[in-house]
Each structure stands twice: as structure tokens, then as C-alpha cells.
Amino acid sequence: MAKPVDPANSSPSSPTTEIPYTAVPGQREASAQRRQSYPYRFPRDHRLLGGKFTVAENARRLLRFFYFERRLMQSLGAWTLSIPEFEVKLETGRHIFYHADAARAFRERLTEQEMRPRDIDGFRDAEIDRFIEELLSAANAPELLAGVHQVLGRALATAYRHHIDDTDPITDTPTIRCLRRILADYEPMLSWADAAVVAYVEGGIEESPLAVWRWHLQRLLVSIGGVTGADPKGAAPTPLRSEARPFARGTVPLRDVRFDTFKNTGDYEVADGQERYPKESYEALRLRFIRTQRDEVDAIEAFGTFIWDIRFKDFQAEYDLARITWDEARHTEIGHRALQAAGYDPFELRNRLTGSTCRGPMDPAFAMAEINLFGEVGVLKTINNLIDAASDRNDELLRHVSDFIRSDERTHVRKGGHIIKVMTDLNARDLELRTRELFTECLVSLGAVRKDMDVFTVSREDIEHLVGE
Ligand SMILES: [Fe+2]
Ligand SMILES: [Fe+2]
């Protein structure tokens, strides 16, 4: 037992590093006595008090993590149009949301670490931006995956694990929990990316340019002190691609060789050159619905691109767009699998590129108005009847998938209002009119609408039918 310290003997001019233990006679003995009558042996908690970071240092590091995640969400969004391979485009739609959700979790934790949302959202870092611009300057999708996942993703996962080990496991448990949950998304994401790069290489993509690119980006990351900014800095590699040519996102939707695409009409029957079923028959509506879902691979492109185009305007809008992008990746998967379950090889059905071709180079406010106010609202106009018809016919495949899709699309329409407000100050009427004018122009140029149809602008219903979601 420590001896009580006599305050009279400790000099005030030499501060002691030990805080004195001061007993009140009898209390410790009494406590030992009470302990004896406590029968439970609960599991021991072996965590030790103490960690490497102050709150300020914790916040400095978490803010960089937040910024990297936000920039990754935006960066993958910028590439959605330009990834040709179906599987990679889908998976990227999912990854956009993983990064968005990691950013959201860091943002929330930062508000508990003495930071205001305004300052978190307003944070920029020129060195990180330079790294991101270079990563975006990938020559093709395999290079994008190598940079995003194999260089930056891996470095972030390592930094998160180190942070878990280094921070105080008792005072800073919320940060540890936050990091562990983010890593639960990272593990499958990074191992998928490794396997995807192997698939590219086995399919004929040259391996050494990928290795050169990885090494280049690794050195660039080292030059800014790594993910945390606290590692020893090395010299930056030269030259940088992004300095020779600043990154600009693609505007043309790309598809892999398995797809047969069309953009000269919005109508599947016209594209096919024949009708499979009588126009308004249940069978025709059913196949059109499932095809449209598979063709929502273009909605991954739309919403992903919007994140890039409105970057830094409003975190909630970016986050909602990222979530919608993931949902659209799911709709695409649902469509692909439902086509298979209906007996088709999904690639035998021509893929509609009409909408994405028009939206690709467009101002995001009008592209968003089309896909959200016309497309998604349009889906909701007809989906109730479709679900009822499927139920009446015992068509469980269609009933099941459209039930979930309806709930997603209702959610998208609900989130759309705020997103559009972030994109434009136009009132609803002017926004709709301008959107119709722009789509008329584009549809005419694609040959999807004939000038001699004697319309100045296509109607809302035409756009719903020809472009859709
Ligand atoms: Fe959708
Ligand atoms: Fe949607």
C-alpha cells in the first residue's frame, strides 16, 4: 500500500510527475471486504489506457482520411462512363458508396473531435489533390484499379489498421469502431480489385505498364508523407501526367465487346427490328421492364458522373448520389439476373445507349432533371400496375424484383429534390422546359426523334418512353 504523502514536504517550485495517493483511513479495507462478497467473475478487459494521439492529432489524421475517402468517391464517379467492362463498372458503382460511407463515418466522428461540419466540408489539401489528379490520369480501367485500390486503397487500409493499434483503445473507442467498420468494406473491395487486375492481365493487358504506374503513384504518395502526411517524405516522381494534361472526365458511355448497342432510338422494338410480343401485352411490358433494369448500367454512369460534376458543393448531396449509384448498380445486376432467369443470355438483348449518350456531356442539372424527374418519376407511374399484373399472373420473378425496385425508386425521387437544389437555381418549370429542349436537340441529332414529327420540343412522356431512367 502506498504511503500517504505529507503535502507540507512537497515543494511547490519543483512539480512532481506523480500524483499523490491520499487515503481516508478504513476506506480501502472496507472496499476489500465488500469485494469478497461479490461472486461474479466477468470476462477480463485487457485493453490498456493510453495512446499516441491527442484529440487534435486524432482530428488532423481523421480529416485527411475523410478527405481521401471523399476524393475517392468523386474520382470513381468521374470514371463511370469510361470503364468499358460490365463487371468493373458494376463493382465500381458499389465502391463509390463504400467510399462515400467511409467519408460519412469520419465526418461524424470528426464532429465529436472538436470540429465543425462547415470546417470538415471546407477542408482541402493541395498535395492530396495533386495525387488524386494523377491517379485520375490512368490510361485505362486496369490502371484506374491499380491506382485506386492497389496503391491508395491499400495504403488507406494500412493507415486505418495502424490508427486502430496506435490510438487509445479506451478513450478513443468510437474511432476504432468507425475504422473497423470501414475496413469491413475494404477487405472484399481490395481483394476483388486484386483479382480483377489479374483477370485483366490474364486476358491480355500488359503487366509491366501497370507495375510502372503503381510504382509512380506509390512514390507520389510517399512525396506527400503518405496517407497520414506524417511519414518521411521522398522526392516526387517526374513528369506527372496530370501536369502535362489536366484530367477531364469522359463524356461517352463505353461498353465491352459483348454488348451490341444502339442509340438511334429509345424503343427496344425499333432497335430489334421486330416485335417479340404484341405491343401492350403483359409479356412485352415484362421484358421491357427487365431490359430497362439491365440497361440501368447507364444510371451508374449518370449518378456517378453527377458526384464528380458537383464535387464539394454539398456533402449530403454527394453522399445521396453515391448511394443512388450503388442502388443503380444493384438494379443493373437485378436486370441481368432476371434476364437469365427468364431464359435469355443478357448479351443477346441490345443495350440502349440513347440516354447516356445525351447525358454524358450535359450540365448535371439537366441530366439529373431528366433521369430523376422524368425517368424515376416515370417508373413510379407504371410500376404499381406492373406489380399487380405480375401478382395476378403468379409471375413471382417479376413481382419480387419490381417490389424492391419500387421502394428504391421512391427513395431516389425523395432524395432528388435536395440534389437538384444543389445543382441549380432554376424553378421547376424552367428546369423542365430547358431539359426537354436539350433532350430534343440530342435525340434529333441521334436520329431517335425525327424533325418531321412536327414538334418543337419532345414531351415529358416522350422522354420517359425514349430515354427513361
Ligand atoms: Fe433504377
Ligand atoms: Fe433510380
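These figures come from a predicted structure and were not determined experimentally. (Residues numbered from 1 in each chain as written. Chains lettered and ligands numbered in written order. Predicted model: local features only at pLDDT ≥ 70, side-chain atom pairs only at ≥ 80, totals over all residues. Heavy atoms only, no water.)

A.B. asks: I'd like a description of the overall build of the protein, backed by residues and values.
C.D. replies: Scanning the protein from N- to C-terminus turns up 18 helices and two strands. The dimensions of the protein, computed from C-alpha atoms along their principal axes, are 105 × 60 × 50 Å. When contacts within the protein are restricted to residue pairs at least 6 apart in sequence, those whose partners lie at least 24 apart make up 80%. By element, 53% of the accessible surface of the protein is carried by carbon and sulfur atoms, the whole surface being about 23300 Å². (Helix = DSSP H or I, 4+ residues; strand = E, 2+ residues; numbered from the N terminus. Contact = heavy atoms within 4.5 Å. Areas by Shrake-Rupley, 256 points an atom, 1.4 Å probe, with all protein chains shown as cover.)

A.B. asks: I'd like to hear about the packing of helix 2 (residues 55-79) against helix 6 (residues 141-166), residue by residue, with values.
C.D. replies: It is at 12 Å that the axes of helix 2 and helix 6 come closest, and there the two elements cross at 160°. Taken together, helix 2 and helix 6 sit at an angle that is classed as roughly antiparallel. Read as a crossing pair, helix 2 and helix 6 show a hand that is left-handed. Along the contact surface, helix 2 presents Asn58, Arg61, Leu62, Phe65, Phe68, Glu69, Leu72, Leu76 and Trp79, while helix 6 presents Ala141, Leu144, Val148, Leu152, Leu156, Ala159, Tyr160 and His163. The class makeup of the residues in the contact of helix 2 with helix 6 is 13 nonpolar, two polar and two charged. (Axes fitted to C-alpha atoms, helices over the stretch in contact; angles between N-to-C directions. Parallel < 35°, antiparallel > 145°, perpendicular 65-115°, else oblique. Left-handed = near helix turned anticlockwise from the far one by under 90°. Nonpolar A, V, L, I, M, F, W, Y, C, P; charged D, E, K, R; others polar.)

A.B. asks: If you had to explain the pattern of salt bridges to someone new, which residues and values would you point to?
C.D. replies: Counted by the stated rule, this structure contains 43 salt bridges. Of the charged contacts in the structure, one is a salt bridge between Glu243 and Arg130, with a shortest N-O distance of 3.3 Å. Note that Glu243 is positioned in helix 9 (residues 241-244) and Arg130 in helix 5 (residues 126-136), a separation of 113 residues in sequence. Of the residues examined, Arg130 reaches a relative accessible area of 33% and is grouped as partly exposed. Note that Arg436 is salt-bridged to Glu432, the shortest N-O span being 3.9 Å. Residue Arg436 and its partner Glu432 are located together in helix 17 (residues 428-446), separated by four residues, close to a single helical turn. The exposure class of Arg436 is buried, given its relative accessible area of 19%. Among the residues examined, Glu432 registers a relative accessible area of 26% and is labelled partly exposed. It is possible to trace a salt-bridge network through shared partners that takes in Lys381, Glu432, Arg436, Arg460 and Glu464. (Salt bridge = Lys/Arg side-chain N within 4 Å of Asp/Glu carboxyl O. Buried < 20%, exposed > 50% of the residue type's maximum accessible area, 1.4 Å probe, protein only.)

A.B. asks: Break down the state of the cysteines for me, citing the residues and quoting the values.
C.D. replies: If you walk through the whole model with that rule in mind, you get one disulfide. Bridging Cys358 to Cys442, the disulfide has an S-S length of 2.1 Å. Its torsion about the S-S bond being -95°, the disulfide of Cys358 and Cys442 is classed as left-handed. Remark: Cys442 occurs in helix 17 and Cys358 occurs in helix 14 (residues 354-359); sequence separation between them is 84 residues. (Disulfide = S-S within 2.5 Å.)

A.B. asks: Outline the confidence of the model for the protein, supporting the account with residue identities and numerical values.
C.D. replies: Looking at the protein, the pLDDT average stands at 94 and 96% of residues meet or exceed 70. Residue range residues 1-5 is modelled with pLDDT below 50. Its contacts to residues more than four positions away, or to other chains, number seven contacts. (pLDDT = per-residue confidence, 0-100.)

A.B. asks: Break down the packing of helix 11 (residues 282-294) against helix 16 (residues 396-423) for me, with residues and values.
C.D. replies: Closest axis-to-axis distance for the helix 11/helix 16 pair is 12 Å, and the angle between their directions is 50°. By the angle between their axes, helix 11 is oblique relative to helix 16. Judged by the sense of rotation from one axis to the other, the crossing of helix 11 with helix 16 is left-handed. Here helix 11 contributes Tyr282, Arg286, Phe289, Ile290 and Gln293 to the contact with helix 16, which in turn contributes Leu397, Leu398, Val401, Ser402 and Ile405. Residues belonging to the contact of helix 11 with helix 16 are distributed by class as follows: seven nonpolar, two polar and one charged.

A.B. asks: How would you sum up helix 17? Please name residues and give values.
C.D. replies: For helix 17, built from 19 residues, the straight-helix expectation of 27 Å at 1.5 Å per residue is met to within 8% by its first-to-last C-alpha distance of 27 Å. Tucked inside the fold, the buried residues of helix 17 contact helix 14, helix 15 (364-392), helix 16 and helix 18 (460-466). Taking the backbone nitrogen of Arg429 as reference, a side-chain oxygen 3.1 Å away marks Asn427 as the first, capping residue of helix 17. Just downstream of helix 17 lies Gly447, where phi reads positive at about 80°. (Expected span 1.5 Å × (residues − 1). Polar contact = N/O pair within 3.5 Å; in protein donor to acceptor, adjacent residues only side chain to side chain.)

A.B. asks: Before we move on, can you summarise the environment of Gly51 with the specific residues and values?
C.D. replies: Along the chain, Gly51 falls in the loop between helix 1 (27-36) and helix 2. In this structure, the C-alpha to C-alpha distance between Gly51 and Ala367, residues 316 residues apart in sequence, is 49 Å. Once residues within four sequence positions are removed from consideration, Gly51 is found in contact with Asp166, Thr167 and Asp168.

A.B. asks: Outline unusual backbone geometry, listing residues and values.
C.D. replies: Glycine aside, residues mostly have negative phi, and peptide bonds are mostly found in the trans state. Going from Thr238 to Pro239, the amide bond is cis rather than trans, its omega being -10°. Position of Pro239 relative to the elements: it lies in the loop between helix 8 (207-223) and helix 9. Phi is positive for Glu114, which is not a glycine, with a value near 70°. Structurally, Glu114 can be placed in the loop between helix 3 (86-111) and helix 4 (117-122).

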